[in-house]
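Commentary on secondary and tertiary structure
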Amino acid sequence: MKAHVYTTLELPQSIVAIGAFDGVHRGHQAVIRQAVQRGRKLMVPSVVYTFDPPPRVFFQGVRMLTTVEEKLFKMEKLGAHHSVVARFDEMYARRSAYEFIETLAKLNPLEVMVGGDFRFGKDRLGDIALLEKYFQVRVTKPVCCSKGSPISSTRIRQLLSEGEVHLSNTLLGWTAGK
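All of the points below concern the structure found in this document. Given the structure is predicted, the values throughout are model-derived calculations rather than measurements. (Residues numbered from 1 in each chain as written. Predicted model: local features only at pLDDT ≥ 70, side-chain atom pairs only at ≥ 80, totals over all residues. Heavy atoms only, no water.)

Digging into the overall build of the protein
Applied cut-off: Strands are runs of DSSP state E lasting at least 2 residues, helices are runs of H or I lasting at least 4, and numbering of each runs from the N terminus. C-alpha atoms define the radius of gyration, and 2.2 Å times the number of residues to the power 0.38 defines the globule rule. Only protein chains enter the calculation, and the probe is 1.4 Å; a residue is then buried if its accessible area is under 20% of its type maximum, exposed if over 50%, and partly exposed in between. Here, two residues are considered to be in contact whenever any of their heavy atoms come within 4.5 Å of each other. Note on areas: Shrake-Rupley, 1.4 Å probe, and residue coverage restricted to the protein chains presented here. His is not counted, nor are the chain ends, whereas Lys and Arg count as positive and Asp and Glu as negative. We put the charge of a Lys on NZ, of an Arg on CZ, of an Asp on CG and of a Glu on CD.
Broken down by element type, the protein carries 8 helices and 6 strands. Reading the helices (α) and strands (β) of the protein from amino to carboxyl end gives β-β-α-β-α-α-β-α-α-β-α-β-α-α. Over its C-alpha trace the protein gives a radius of gyration of 16 Å, about what one expects of a compact globule, namely 16 Å for 178 residues. Taken over the C-alpha atoms alone, the protein extends approximately 45 × 35 × 30 Å along its principal axes. Scored against the burial criterion, the 178 residues of the protein give a buried share of 47%. For the protein, long-range pairs separated by at least 24 residues make up 76% of all intrachain contacts whose partners lie at least 6 apart in sequence. When the accessible area of the protein is evaluated, it comes to approximately 9,700 Å², of which 53% is carbon and sulfur surface. The average position of the 25 basic charges and that of the 17 acidic charges among the side chains of the protein differ by 7 Å.

Observations regarding the side chain of S168
Threshold: Polar contacts here mean pairs of N or O atoms no more than 3.5 Å apart (in protein, one a potential hydrogen donor and the other a potential acceptor; neighbouring residues in sequence count only if both atoms are side-chain atoms).
Counting through the fold element by element, S168 comes out in helix α8 (residues 165-172). In this structure S168 comes out as buried when scored by relative accessible area, which is 0%. Separated by 2.8 Å, the side chain of S168 and the backbone oxygen of V165 make a polar contact.

With respect to the state of the cysteines
What counts here: Any two cysteine sulfur atoms within 2.5 Å of one another count as a disulfide.
In the structure shown here, the tally under the stated rule is 0 disulfides. Distance from the sulfur of C144, which forms no disulfide, to the nearest cysteine sulfur (C145) is 6.9 Å. Residue classification places C145 among the buried residues on the basis of a relative accessible area of 18%.

Thoughts on the packing of aromatic side chains
As a reminder, the rule being used: Ring pairs shown here join Phe, Tyr and Trp side chains whose ring centres sit within 6.5 Å, with only the six-membered ring taken for Trp; geometry is labelled stacked below 30 degrees between planes, edge-to-face above 60, and tilted in between.
Enumeration over the complete set of coordinates arrives at 14 aromatic pairs. Between F51 and Y92 the ring centres are 5.9 Å apart and the planes differ by 65 degrees, which places this aromatic pair in the edge-to-face class. Here F51, found in strand β3 (residues 46-52), pairs with Y92, found in helix α4 (residues 90-93); they are 41 residues apart in sequence, far enough to count as distant. The buried category is assigned to F51, whose relative accessible area is 7%. Ring plane angle 50 degrees and centroid distance 6.3 Å describe the contact between F100 and F118, whose orientation is recorded as tilted. Taken as a pair, F100 in helix α5 (residues 97-105) and F118 in the loop between β5 (109-115) and α6 (128-132) lie far apart in primary sequence, 18 residues in all. Classification of F100 as buried rests on a relative accessible area of 4%. For F118, a relative accessible area of 9% puts it in the buried group.

Overview of the pattern of salt bridges
Here is the rule we go by: For salt bridges, the criterion is a side-chain nitrogen of Lys or Arg within 4 Å of an Asp or Glu carboxyl oxygen.
Applying the stated rule across the entire model yields 5 salt bridges. Among the salt bridges present, the one from R38 reaches E111, with a minimum N-O distance of 2.5 Å. Of this pair, R38 sits in helix α1 (residues 26-42) while E111 sits in strand β5; the two residues are 73 residues apart in sequence, bridging distant segments of the chain. Like R38, the residue E111 is buried in the burial classification. For the salt bridge of D52 with R87, the shortest nitrogen-to-oxygen distance reads 3.3 Å. Taken together, the residues span a long stretch of sequence, with D52 in strand β3 and R87 in strand β4 (residues 82-87) at a distance of 35 residues. Exposure remark for D52: the relative accessible area of 18% places this residue in the buried category. Residues participating in the shared-partner salt-bridge network are R38, E111 and R138.

The structure is reproduced here in C-alpha cells:
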C-alpha cells in the first residue's frame, strides 16, 4: 500500500500519530505502530503528522537525522495510510497551540498518539494536558536501549558525533535496505 502525503488534510475519522520523528528511531516507530494498529482495529485511516524540518533543526540548527523523503519512506513501511508534513518555518513557529488544535481537529481523530515529551504551539506552550481537553490521547511509553536509557534523536546525534555509528544504527532500528 502506498501512503498518501499532504501538507493539509481533512478526514471524517482517523487515528493520528504526531511528532518530529527525526530519524524515525525505535521510539518513534512505537508511536507510529500504535496508531497504525489502532486504526486497523477501529477501521479508520492512520495519519502521521510531522514537520519539515523538525523543530529542533529549525530552532537549534542540530543535525537532521533523515531527509523528509527518508522519513516518509519509513513511515509508509510502518503502515501509515497518510502523512501530513507541515512546513516548519518562521510563520508556522508563530502559530498558537490552539491553532495547532484547530488544524488537528480537521482530521477528526478518534485517538491521538504522542510521545511523553510532546509539546506544540508557539513557545511550546501546548502540552499533553491541553491536547487531552480536545482529543482522546494515548502517550506511548519511552522505548529504551539495552542499557536502559530512553532512545531519543538527541542521543542518536550524540552517538554519531562520537563516531558510534553502529550503536546509533541499533537505536534507529533500521537495517540496511529497510
